[in-house]
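One letter stands for each residue in the lines below.
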Amino acid sequence: MMRLVWNRIISRKLVSFTIILALFGIFLLIPIGFQNTNETKLAVDNSIAEQGRGTYDILVRPSHSRTKVEKEVGMVEENYIGDSEGGISIQEWEKIKQNPTIEVAAPVASIGYFSGKKTSVELPQLDESTRFTWEFYTSDGQKEYSLSEPQSLVYFKESEPGNTQYLKVLHNETASGATLDVMLPQTYHLLAAIDIESEQKLTNVDYSELKNEFDSFSLDVIIKTFGNIPIIKVIQREDINIPIKMKLKADTLTLDISDYRKKLSLTEKDWLMSADRNKIKQVIGELNTKKPASTSEHEIDLTSFQKPFDGTAVKINNQFKVDLASDFASDRGETTVYYTAEKLDYNSENDILNIKIIENGQPPSYKKIVKKGESLYNGVKPKFLIEQVGIFSPKVDKESKLSSSPLGIYATSEIKMEKGQVLKPTTVPGSFIPQPAGGLITLESAEIIKGSKPIDAIRVRVAGISKYNKLAQQKIEKVATKLLQDGYEVDIVAGSSFKNATLEVEGIGKVIAPWTTLGVAQELEESWNGLTLLTTILFVTFVFVWFVSRLLFEKGTLEKEDELLTILGWPRKKIIRRNYLEQYFLLFIAYILSILFIAILNLEINYYLISSCILIIAILMINIIFSIKRKKSDRVIAYKHSPSLVYHSRIIMPTMLILFTSTILLVVQIASFGNTLFMSQQSTLGQFTVDVILGFQLFILISTFILSTFGLTECLNTLFYARREEFNMYHIIGWTKKRILIHLSKEIFIWTSFSICLGLITSYLILLKMGVRIDWIIVGIISSASILCIVVGFVTIAKNLFMQSREN
Amino acid sequence: MIEIRDLSKTYNHFSDKVKILNNISLSIDKGQWCTIIGPSGTGKSTFLNCVAGLLQPDDGEIIYEGVNIYSLKDKVKSEYRRFNIGFIFQDFKLLPHYSVLDNVALPLIYDEPKKPLYTKAKSLLEMVGIKEQIFNRLPEALSGGEKQRIAIARALIANPKVLICDEPTGNLDINNRNIILDLLSEFKNSGKTIIMVTHDEEVANRGDIIYKLSNGILEERMKKNDAFSLESNN
Ligand SMILES: Nc1ncnc2c1ncn2[C@@H]1O[C@H](COP(=O)(O)OP(=O)(O)O)[C@@H](O)[C@H]1O
Ligand SMILES: [Mg+2]
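Thresholds applied
Residues numbered from 1 in each chain as written. Chains lettered and ligands numbered in written order. Predicted model: local features only at pLDDT ≥ 70, side-chain atom pairs only at ≥ 80, totals over all residues. Heavy atoms only, no water. Helix = DSSP H or I, 4+ residues; strand = E, 2+ residues; numbered from the N terminus. Buried < 20%, exposed > 50% of the residue type's maximum accessible area, 1.4 Å probe, protein only. Contact = heavy atoms within 4.5 Å. Areas by Shrake-Rupley, 256 points an atom, 1.4 Å probe, with all protein chains shown as cover. Salt bridge = Lys/Arg side-chain N within 4 Å of Asp/Glu carboxyl O. Phe/Tyr/Trp six-rings, centres within 6.5 Å; stacked < 30°, edge-to-face > 60°. Near = heavy atom within 4 Å. Polar contact = N/O pair within 3.5 Å; in protein donor to acceptor, adjacent residues only side chain to side chain. Nonpolar A, V, L, I, M, F, W, Y, C, P; charged D, E, K, R; others polar. Buried area = accessible area lost by both parts, 1.4 Å probe. Core = buried A, V, L, I, M, F, W, Y, C linked by side-chain atoms within 4.5 Å.

In the nomenclature of an unreviewed UniProt entry, chain B corresponds to ABC transporter domain-containing protein from the organism Viridibacillus arvi.

Taking an unreviewed UniProt entry as the reference, chain A is identified by name as ABC3 transporter permease protein domain-containing protein belonging to Viridibacillus arvi.

Student: With reference to specific residues and values, describe the overall build of chain A.
Tutor: Across its full length, chain A carries 20 helices and 27 strands. The buried share of chain A, taken over its 808 residues, is 53%. For chain A, restricting intrachain contacts to residue pairs at least 6 apart in sequence, the fraction spanning at least 24 positions comes to 80%. Carbon and sulfur atoms form 58% of the exposed surface of chain A, whose accessible area is close to 37400 Å².

Student: Account for the pattern of salt bridges, naming residues and giving values.
Tutor: Residues and elements named next belong to chain A. Applying the stated criterion across every chain yields a total of 41 salt bridges over all chains. Salt-bridge contacts for Arg 578 lead to Glu 561; the nearest nitrogen and oxygen are separated by 3.3 Å. Taken as a pair, Arg 578 in helix α13 (residues 572-600) and Glu 561 in helix α12 (residues 520-567) lie far apart in primary sequence, 17 residues in all. Judged by its relative accessible area of 29%, Glu 561 falls in the partly exposed class. Residues participating in the shared-partner salt-bridge network are Glu 144, Lys 245, Lys 247 and Glu 299.

Student: Talk me through the packing of aromatic side chains; I want residue IDs and the actual numbers.
Tutor: Residue and element names in this part refer to chain A. Evaluated as defined, the whole model comprises 21 aromatic pairs over all chains. Ring centres of Phe 24 and Phe 597 lie 5.3 Å apart, and the angle between their planes is 75°; on these two criteria the pair is classed as edge-to-face. With Phe 24 in helix α2 (residues 13-51) and Phe 597 in helix α13, the pair connects residues that are 573 residues apart, well separated along the chain. Owing to a relative accessible area of 16%, Phe 24 belongs among the buried residues under this scheme. Here Phe 597 falls in the partly exposed class, since its relative accessible area comes to 38%. Taking 6.5 Å as the distance between ring centres and 45° as the angle between the ring planes, the aromatic pair formed by Trp 546 and Phe 547 counts as tilted. Overall, Phe 547 belongs to the buried group, its relative accessible area being 4%. Taken together through their ring pairs, the aromatic side chains of Phe 114, Tyr 338 and Phe 384 make up a single cluster.

Student: Which residues make up the site of ligand 1, and what values do they have?
Tutor: Residue and element names in this part refer to chain B. Around ligand 1 sit Tyr 11, His 13, Ile 20, Ser 40, Gly 41, Thr 42, Gly 43, Lys 44, Ser 45 and Thr 46, and that is every residue in its neighbourhood. Between ligand 1 and Gly 43, the relevant distance is 3.0 Å, taken from an oxygen atom to a main-chain nitrogen or oxygen of the residue. One of the backbone N or O atoms of Lys 44 is found 2.8 Å from an oxygen atom in ligand 1. Protein chains bury 60% of the 550 Å² of accessible surface belonging to ligand 1 in isolation. Every element with two or more residues in the shell around ligand 1 is listed here: β1 (2-13) and α1 (44-52). Element by element, the count of residues in the shell around ligand 1 is highest for α1, at three residues. Looking at the shell around ligand 1 residue by residue, the classes come out as two nonpolar, seven polar and one charged.

Student: Describe in detail the interface of chain B and chain A, supporting the description with residues and values.
Tutor: Counting residues at the interface gives 26 residues for chain B and 26 residues for chain A. Carbon and sulfur atoms supply 61% of the area that chain B and chain A bury against each other, a total of about 2400 Å² over both sides. Linking chain B with chain A are three salt bridges. A salt bridge links Asp 74 of chain B to Lys 737 of chain A; its shortest N-O distance comes to 3.5 Å. Only α2 (74-84) and β6 (85-89) of chain B provide two or more residues apiece to the side of chain B that touches chain A. For the side of chain B that touches chain A, the element with the highest residue contribution is α2 of chain B, accounting for six residues.

Student: Explain the nonpolar core residue by residue, including any values.
Tutor: Residues and elements named next belong to chain A. One finds Leu 23, Phe 27, Phe 547, Leu 587, Tyr 730 and Trp 751 to be the most contacted residues of the largest nonpolar core, which totals 79 residues. Among residues more than four places away in sequence, those in contact with Trp 751 are Leu 645, Ile 652, Thr 655, Met 656, Leu 716 and Leu 719. Trp 134, Ile 242, Tyr 260 and Phe 320 belong to the second largest nonpolar core, which has 40 residues in total.

As structure tokens, this is what we get:
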């Protein structure tokens, strides 16, 4: 018996060999398909890391801190740390920091929107009595917003040095006899907390000025009034200016100071501002209605003098130009008032993120804002006081590592309108442009303001990585896993990249903002995993169909031989045993080969398991298919349409299925290949990953191509073999070679094009669902369709010529 | 009509060469029914295939109406066969997936408009005694006699000058055998040439002239019960 089986295998050398080869491929490729998710993930991460390790490796956030929009679009806006609620305590951070495998763990906490002390703008003392009216404006680059009500001040030409005569309504401020001071309006800036040492290690920026002592003399009055309150030291960012303009109108009035002294019940020597406040108000009201002799209007840009937490006092000279002031006033009254905001609520719709106005105002607010703290003028003892003690200056330019790392508080990239106008964050807490931190404080200070769990994020750099190899990657993953187990939200940030996001901002219009991906790796990996899963499923389907069809074909051939054996007097049992035995034999040879290979490649135990599972499934399939008794068709009437298609449906149907799955496999492979390529090139760092993916994806693509070609060829071979008599017949009745070819090709064209088209449509839908770009889908469809048509065409023609040459 | 000159064919049987046809020369007149008899395996089919232009001989010429068929290009040879030679085989060689009618029309479906072709096919089927009810049937569902009649109808579709029959009655019972032979006689009487191969003496006797093929050589043989008529034919 064994010899008989062996003889049959040997006598069909080529067939047996290809079957063993294909089975061997299946035993090896399917386990690899199932396993390669992990492998590729490593590869993808690796390549990014090799090319551009960011300033840190892992971003740790409190659990559930990933925003809706981040989950949806896989990106974060710049300065995404702002408006976070905290969630990690200093103790927790210190615990993380103590891990010896962590080199740097730099915490960051957003505190809120604070205002520094206000400084004064000194008005000029002209030759004539003048009524000054002014208003402060800020701008977001597109629109101007008024920062204060118009105010006025009337200056009397009778002033003397040190005894300036003027009248104005006071708001929480003191009047000076020396200068005509007006106070700048309040602007609000994001304050964030850091740890000096670790932040310095992370960014190479000097934050040591946070250790400066504050000038206790200037705070004397406050300390005397309120007792010993905590004073929070702030260093302000050097390179941020606040867009502020002063619109100043100067009306020359003809006034007699003595008239007004009378009205204010003052004596000749008295300073006008020493009068009763109500009376001043009344007189100013009167003065404001007075017709000016002449008028001049001025727009004075104070932007370059204004820093977030400490402006420079200025003086407007007689030519209405700005000079630095030598004598000035400052006001800390509002520094204890601050705002916190909720995260912007982005609503994504067709790739556009919509932002709605939450509160109308000048400028409107796009976030929910909560006012906190009390003005010092209210006489309530404040919880703390902020005081600017120094500066820090991150070197932010596009090339630097800092800008390419999503540190979350430093970015100052340009946000543009669709037409290219540059927009700036406004100096209110509700700005839709996430502000960079205008000032930094220490974590200890943050606790005072924000409470016991102030930290929003910790940026972790893993220790002991000098060269980025697999080992380094494993180290990072180990740390990340540990942090994940500790309950944090963890991202492996192997370099990040800018990617433009389109925002539709209510009241502004379409805005293009440079958002960042926290890690290209994650994104690529996700699409990659989806692809691998799909490929594996398709591949398994393909293999299943192929295996079933070749068993069916085999069964067909065997049936003829079986008849013969029955005639020769073989018992049915023996015949069936012979049939099974041969299939088992081929299967086992392939299985043993694959096991050998797995051993040689030193693969994991899983490969053996999956391979063995496939063997068991294959044995089951052989048993099922060979035991099913085929009913002979008892059809008498010929089919009207495509009679040969129906007649040979046992061969054509599996071929169509194979063609269908191959089409999907090819289209999906090509399209997602292109898509990955494109997506990677979209982000700055992505292109580095392409090399690695390219290799692997190309391997899959080529395997797919070979397998589908192989499967198709076998099917067509079987079909032509079954019809060899037909060829002979056509030849005898005098058909030319060309005619035979056309006749058969036409028929083959009908069902092959049908299954290819069906496959194309199916893969189109799958890819659309996967979010693959339409142009890549089209590329995939066109190239796969042409590849398959060429394969089918080639096999058909070659086979045809071969069959015909046998007839001659 | 057909001139066969010095036809030789050798097959390689493993290492030894077997000369199946050895310098056979023969001429067949128009309207003659020529039968070749010989036991199975003597090379009758080989001879027919060579004569039909299907199998290139090692040596010799086959001349139809003055043209050596093996000097023709492949395409022209096929065309000549299509329009001038009809074939009938022992195993019918009908295409299993086409209906009876399609099988008959098949040789010319690319040459003639469908309607007249099918009308012709139908009348041929009726001529050979196939009822209209089975025109749409698959050949598999028919008896051997019916299949051979259909094969004859197919062989006649192009109105050929020559009919080549390779043991046309080999798979048939006596009744059907006679029907088929009668049909061939009718065909011959319309002035066509028939070359038929058989191992059956009685069948061979229906021909005008009988040759016996043995050891690669063809020799003329007298008809068994009709020596006189053979004489007069000469
Ligand atoms: N293509 C071939 N190659 C080798 N030997 C062949 C081939 N075709 C036929 N033969 C051999 O030639 C001999 C004659 O065959 P054939 O012409 O079919 O005989 P017949 O039709 O008289 O029964 C047989 O012995 C057969 O085995
Ligand atoms: Mg024969």
